[in-house]
Amino acid sequence: MRKAGRRSRTVVAMAAAAVLGLAGCDASGGDGAVRRGSTAQAHPSPRPTPVWDRSPGSIAAVGDSITRGFDACTVLSDCPQVSWATGSDTAVDSLAVRLLGVTGAAQRSWNYAVTGARMADLPGQIAQAVPRKPELVTVMVGANDACRSTVSAMTSVAGFREQFQEAMDDLREALPKTQVYVSSVPNLKRLWSQGRSSQLGKQVWKLGICPSMLGDADALDARATKRRDAVQKRVEAYNRVLREVCVKDRRCRFDGNAVFDYRFGTGQLSHWDWFHPSRDGQAHLAEIAYRTVTAKDPVT
């Protein structure tokens with residue numbers, strides 16, 4: 001009888017355990033399975049906020065003559081209304097217009113670029129832009145560091161890096177969340193090869209436009225070739241610096257050499273100097289910038 005009783009009690013205990021298990025009860029009497037599910041529903045994992053804003057609300061442009069639209073409208077003159085970064089010309093459809101609309105671009109974009117500027121001038125331009133608190137700063141500078149009177153006068157790669165890093169540090173200290181779009185330096189050798197077909201262009205070049213690359217434009221001897229190759233290598237080194245400094249900042253995007261790789265033809269060059277971008281050239285620069293700024297992921 002005692003054995004039968006023990007078996008009965010064992011059966012009852014097992015049945016009770018089975019019922020409790022089906023009901024989903026835990027040892028404390030709470031509904032563990034339901035509670036775990038409810039907790040997951042009540043406190044979903046938050047989505048991380050993207051670091052890069054693909055639609056910034058204001059823009060400040062810094063850089064050199066290209067961003068000023070130099071020689072795009074009249075000879076040896078700035079024409080900021082056709083600037084790829086902040087211009088209002090409908091034929092260009094600038095980055096600012098594409099991102100902010102016509103009215104927004106007029107009210108919330110500013111151009112602090114200066115014709116002839118080199119990388120050493122960038123910190124000063126950044127200082128001018130900071131009070132505006134722009135959400136995006138565009139940078140296109142470096143051509144004039146290579147476009148010197150002689151090859152030996154070009155900005156050193158180490159100096160170029162130090163100056164760019166200083167500008168980025170200044171911006172980041174003042175505006176830690178401002179985004180930066182960095183354009184590569186254009187392919188100066190290609191601009192020479194395209195523009196040298198114009199007699200007018202070569203006459204304008206003699207006034208002092210990029211003599212390290214454009215001087216003695218028709219010379220093809222070993223000395224001239226060596227000079228142009230040295231300028232080209234320096235530009236390529238500058239672009240590596242721009243990429244390396246930019247990639248360390250999660251709110252900076254380099255164009256991946258898109259401007260350097262763009263094959264400017266005579267239609268994209270100023271018909272005054274056959275070196276700076278024309279309206280059409282400025283429009284292509286705007287397209288490259290817009291594509292980089294609005295891309296889901298940065299160019300690698």
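Heads up: these notes are all about the structure in this document. (Residues numbered from 1 in each chain as written. Predicted model: local features only at pLDDT ≥ 70, side-chain atom pairs only at ≥ 80, totals over all residues. Heavy atoms only, no water.)

### Structural notes on the overall build of the protein chain
Within the protein chain, the secondary structure is distributed over 12 helices and 5 strands. The buried share of the protein chain, reckoned over its 300 residues, is 47%. Counting only contacts in the protein chain whose residues sit at least 6 apart along the sequence, the fraction spanning at least 24 positions is 72%. When the accessible area of the protein chain is evaluated, it comes to approximately 15400 Å², of which 54% is carbon and sulfur surface. (Helix = DSSP H or I, 4+ residues; strand = E, 2+ residues; numbered from the N terminus. Buried < 20%, exposed > 50% of the residue type's maximum accessible area, 1.4 Å probe, protein only. Contact = heavy atoms within 4.5 Å. Areas by Shrake-Rupley, 256 points an atom, 1.4 Å probe, with all protein chains shown as cover.)

### Examining the state of the cysteines
Under the criterion given, the structure shown has 3 disulfides. The partner cysteine of Cys73 in its disulfide is Cys79, sulfur to sulfur 1.9 Å. Measuring the twist about the S-S bond at about -65°, one finds the Cys73-Cys79 disulfide to be left-handed. On the basis of relative accessibility, which here comes to 2%, the residue Cys79 falls in the buried class. Numbered by position along the chain, the disulfide-linked cysteines of the protein chain connect as 1-2, 3-4, 5-6. (Disulfide = S-S within 2.5 Å.)

### A word on the pattern of salt bridges
Summed over the entire model, instances satisfying the criterion amount to 11 salt bridges. Salt-bridge contacts for Asp93 lead to Arg98; the nearest nitrogen and oxygen are separated by 3.6 Å. Note that Arg172 and Asp249 form a salt bridge whose closest N and O atoms lie 2.8 Å from each other. Note that Arg172 is positioned in helix α6 (residues 157-174) and Asp249 in the loop between α10 (222-247) and β5 (252-254), a separation of 77 residues in sequence. When sorted by exposure, Arg172 lands in the same class as Asp249, which is buried. Each of Asp93, Arg98, Glu287 and Arg291 takes part in a single network of salt bridges with overlapping partners. (Salt bridge = Lys/Arg side-chain N within 4 Å of Asp/Glu carboxyl O.)

### Thoughts on the packing of aromatic side chains
Counted according to the given criterion, the structure contains 3 aromatic pairs. Ring geometry for Trp84 and Tyr181: centres 6.0 Å apart, planes at 70°, overall edge-to-face. With Trp84 in the loop between β1 (59-63) and α3 (95-108) and Tyr181 in strand β4 (residues 179-182), this residue pair connects regions lying 97 residues apart in the sequence. The exposure class assigned to Trp84 is buried, which follows from its relative accessible area of 0%. With a centroid separation of 4.1 Å and 15° between ring planes, the pair formed by Phe160 and Tyr238 is classed as stacked. Note that Phe160 is positioned in helix α6 and Tyr238 in helix α10, a separation of 78 residues in sequence. Accessibility assignment for this pair places Phe160 and Tyr238 in one class, buried. (Phe/Tyr/Trp six-rings, centres within 6.5 Å; stacked < 30°, edge-to-face > 60°.)

### Digging into the pairing of strand β3 (residues 136-140)
The element β3 is extensively covered by neighbouring structure, given that 5 of its 5 residues are classed as buried. Looking at chain direction, β1 and β3 are connected through 5 bridges and run parallel. Bridged to Ile59 within β3 is Leu136. Direction of pairing for β3 relative to β4: parallel, over a ladder of 4 bridges. Bridging from a neighbouring strand, Leu136 pairs with Gln179 of β4. (Pairing = 2+ DSSP bridges.)

### A few points about the nonpolar core
If you look at the biggest cluster of nonpolar residues, it comprises 69 residues, and the most contacted ones within it are Trp84, Leu122, Val182, Leu188 and Phe275. Examining the composition of this core, we find that 7 residues originate from one element, α10, more than from any other. In this structure, Leu188 is in contact with Ala143, Ala146, Cys147, Cys210, Met213, Val231, Gln232, Val235 and Phe275, ignoring residues within four places of it in sequence. (Core = buried A, V, L, I, M, F, W, Y, C linked by side-chain atoms within 4.5 Å.)

### Quick word on the sheet that holds β3
The 5 strands lie next to each other as β2-β1-β3-β4-β5, forming an open sheet whose pairing is parallel. Each edge of the open sheet is held by one strand with a lone partner, namely β2 (109-111) and β5. On average, adjacent strands in this sheet sit at an angle of 15° to one another, irrespective of strand direction. Sheet contacts for helix α12 (residues 279-294): β3, β4 and β5; angle to β4, the most-contacted strand, approximately 135°. (Axes fitted to C-alpha atoms, helices over the stretch in contact; angles between N-to-C directions.)

### A short note on α12
Given a rise of 1.5 Å per residue, 16 residues ought to cover 22 Å, and the 22 Å separating the end C-alpha atoms of α12 matches this to within 8%. Among all positions in α12, only Gly281, Gln282, Ala283, Leu285, Ala286, Ile288, Ala289, Thr292, Val293 and Thr294 are buried. Buried-residue contacts for α12 involve α3, β3, β4, β5 and α11 (258-261). (Expected span 1.5 Å × (residues − 1).)

The quantities given are spatial measurements derived from coordinates; they are silent on function.
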